[in-house]
Amino acid sequence: MGVKEIITVISVLLLLFPSTVKPRAVGGAQPAGSAQSAGGAQGGAQGGAPGGGGGGTLDVVAQFGAKPDEKTDLSQPLLNAWKEACASPAPSKIVIPAGTFLLSRAVLEGPCKGPVDIQVQGTIKAPPDPSHFKDDIWVMFNHIEGFTMSGGGIFDGQGALAWSKNDCHKNKKCTLFPINIRFNFLTNAYIHDITTKDSKQFNVNVLGCKNITFEHFTVTNPEHSLNTDGIHIGRSDGVTILHSEIKTGDDCVSLGDGSKNVVVNGISCGPGHGISIGSLGKFQGEEPVAGIKIANCTITNTMNGVRIKSWPASYPGTASDMHFEDITMDNVSNPIIIDQQYCPWNQCDLKNPSRIKLSNISFKNIRGTAAGKEAVKLFCSAGFPCEGVELADIDLTYTGPDGPAISQCSNVSPKLSGKQNPPICASPAATSPGGQAGPAKASPGGKASPGGQAGPSKASPGGKASPGATA
């Protein structure tokens, strides 16, 4: 089972059976704060708590004793502020002011009685040692409606030590490191002008959400950081990502099973592994993927550009209405890929075709430069050939010594229009790209069920609460 898949399974279990183990104290005693403890430093404040004030602004430093000294744990002051805000029927704002704070862990629970806005103006740092964590949660928001977060602040996962210990590409029982931010079961949420950096695993995991938007959102991880997807989506409906910059060591955006009505527009991606749908079919009961539009993006110096992937010998499923338009590729190794023989580490049954049915797919106005000769690869399932595939105005150049660029196709008869450079489906299919996306992702995200993205094979579906995968 891939890392992403394992993460998905764990995410689902954590949602069903919340941990009761309190985290280790970090940096000495925690400030008492001005409010009663909300169930311990790890449990998170519960929405709907009795009492509650009349809303307004709650400053974690001025009112709850937080200290921007990089030593005193922010966890309890933040949870106490959350408890008060969540209990208020009137709109509330929690302010984390300028400065650098140490945060051991925070689980912020709803439902809340009124809208809550968090203004992160400072930098929040995780403990750098991954052994501090007992699971893959650092910051998590659960079951909240009408949530907003902004302020220009930074969530710093301090992941360098974790990357050096990541052996999931060779160890099926590897340790899963924390995701920087989890958004689980949020409705009508807006996150903007926030940065997440140096995550130990995924930067953001979106699970079971409805109508959530990210805008002017920044992800910064080095290219060598494994399984550090920028934003992973699973089992969610109505996710929008706008005008954002994502640099990471894995997929900039990854979509697991159950992803529906997703718009990604105006994204700068790279370095990383590009923008991926899948991997799909690893787990039984994955939900359909439908209504995906990726447009007006620039992808630079990545392993892949835009990609759809499913496992061979998979469980049955569907993915439809997926559209990629107006995308610029700059030195991208594999700009356009459909890979239904996705098999990282070659540990798959390639004799049996994928049972994921792909349909109604378009690639339009995709231009730029490829870093490899095979600029377009359409490897569809022999058992369930792709249907309704369209390519229009493709112009991808390759200037390597073995050039020019070529395309390869199998089990697909695409509709072609406009410029076709390279000529589409003019060369016989060779070997499937196989897990060219690097080790399959391990799916962190609380994917609630199978579809998700499992790094090495992203686990759980969509929300990564269950096995679904994407690598």
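Residues numbered from 1 in each chain as written. Predicted model: local features only at pLDDT ≥ 70, side-chain atom pairs only at ≥ 80, totals over all residues. Heavy atoms only, no water.

By the naming in an unreviewed UniProt entry, the chain goes by Exopolygalacturonase-like and is assigned to Gossypium arboreum. Checking UniProt for the chain, the heading Sequence similarities (unreviewed entry) contains the comment "Belongs to the glycosyl hydrolase 28 family." The record in UniProt for the chain states the following under Subcellular location (unreviewed entry): "Secreted, Cell wall". (UniProt positions renumbered as here; feature names shortened; annotations may be inferred.)

1. Topic: the overall build of the chain
A tally of regular secondary structure across the chain gives four helices and 32 strands. For the chain, the residues scored as buried account for 59% of the 471 residues in total. Contacts in the chain between residues at least 24 apart in sequence constitute 75% of all its contacts with a sequence separation of at least 6. Split by element, the accessible area of the chain, about 15,800 Å² in all, is 52% carbon and sulfur. (Helix = DSSP H or I, 4+ residues; strand = E, 2+ residues; numbered from the N terminus. Buried < 20%, exposed > 50% of the residue type's maximum accessible area, 1.4 Å probe, protein only. Contact = heavy atoms within 4.5 Å. Areas by Shrake-Rupley, 256 points an atom, 1.4 Å probe, with all protein chains shown as cover.)

2. A word on unusual backbone geometry
Cis peptide bonds are those with omega within 30 degrees of zero, and the linkage from Gly270 to Pro271 qualifies with 5°. Here Pro271 lies in the loop between β19 (268–269) and β20 (275–280). Positive phi is not limited to glycine here, since His143 has a value of about 50°. Relative to the helices and strands, His143 resides in strand β8 (residues 137–145). By relative accessible area, which is 40% here, His143 ends up partly exposed. Of note in the backbone geometry, Phe185 takes a positive phi value of approximately 55° without being a glycine. Turning to its location among the elements, Phe185 is positioned in strand β11 (residues 179–197). By relative accessible area, Phe185 is classed as partly exposed at 27%.

3. A few points about helix α3 (residues 75–86)
Over its twelve residues, α3 extends 16 Å from the first C-alpha to the last, a length consistent with the 16 Å expected when each residue adds 1.5 Å. Taking burial as the measure, the twelve residues of α3 include ten buried ones, the bulk of the element. Of all the positions in α3, only Ser75, Gln76, Pro77, Leu78, Leu79, Asn80, Ala81, Trp82, Ala85 and Cys86 are classed as buried. (Expected span 1.5 Å × (residues − 1).)

4. Describing the packing of aromatic side chains
We describe a pair of aromatic rings using the distance from one ring centre to the other and the angle between the two ring planes. The tally for this structure, following the rule as stated, stands at nine aromatic pairs. When the centroid spacing of 5.3 Å and the interplanar angle of 75° are considered together, the rings of Phe214 and Phe217 count as edge-to-face. Three or more aromatic residues joined by ring pairs form one cluster here, namely Trp82, Phe141, Phe147, Phe183, Phe214 and Phe217. In this arrangement the basic side chain of Lys309 is found over the ring face of Tyr342, its NZ or CZ atom lying 4.6 Å from the centre. (Phe/Tyr/Trp six-rings, centres within 6.5 Å; stacked < 30°, edge-to-face > 60°. Lys NZ or Arg CZ within 6 Å of the ring centre and 35° of its normal.)

5. Here we look at the pattern of salt bridges
One pass over the structure, following the stated rule, counts 13 salt bridges. Asp135 serves as the salt-bridge partner of Arg105, at 2.9 Å between the closest nitrogen and oxygen. A residue pair is termed long-range when its members are at least 10 positions apart, and Arg105 in the loop between β4 (100–102) and β5 (106–109) and Asp135 in the loop between β7 (123–125) and β8 qualify at 30 residues. The pair Arg105 / Asp135 is uniform in exposure class, with both members buried. (Salt bridge = Lys/Arg side-chain N within 4 Å of Asp/Glu carboxyl O.)

6. Quick look at the nonpolar core
Judged by nonpolar contacts, the single largest core of 93 residues is most densely connected at Phe141, Phe183 and Phe363. Discounting chain neighbours no more than four positions away, the residues touching Phe363 are Val306, Phe324, Ile336, Ile338, Leu378, Glu390, Leu391, Ala392 and Ile394. (Core = buried A, V, L, I, M, F, W, Y, C linked by side-chain atoms within 4.5 Å.)

7. Regarding the state of the cysteines
For the structure shown, the criterion picks out four disulfides. Residue Cys380 pairs covalently with Cys386 via a disulfide, S to S 2.0 Å. On the sign convention where negative means left-handed, the S-S torsion of about -100° between Cys380 and Cys386 marks this disulfide as left-handed. Classification of Cys380 by relative accessible area gives buried; the value is 2%. Shown here is the disulfide that connects Cys409 with Cys425, its sulfur atoms set 2.1 Å apart. The S-S bond linking Cys409 to Cys425 shows a torsion near -85°; that makes this disulfide left-handed. (Disulfide = S-S within 2.5 Å.)

8. Here we look at the environment of Leu161
Tracing the chain through its elements places Leu161 in helix α4 (residues 160–165). The spatial distance from the C-alpha of Leu161 to the C-alpha of Ser131 is 10.0 Å, given a sequence separation of 30 residues. Setting aside residues up to four positions removed in sequence, Leu161 forms contacts with Pro128, Asp129 and Pro130.

9. Side note on the UniProt feature "active site" (unreviewed entry) in the chain
On the UniProt side, "active site" (unreviewed entry) is annotated at positions that read His273 here. Residue class for His273 comes out buried when judged on its relative accessible area of 9%.

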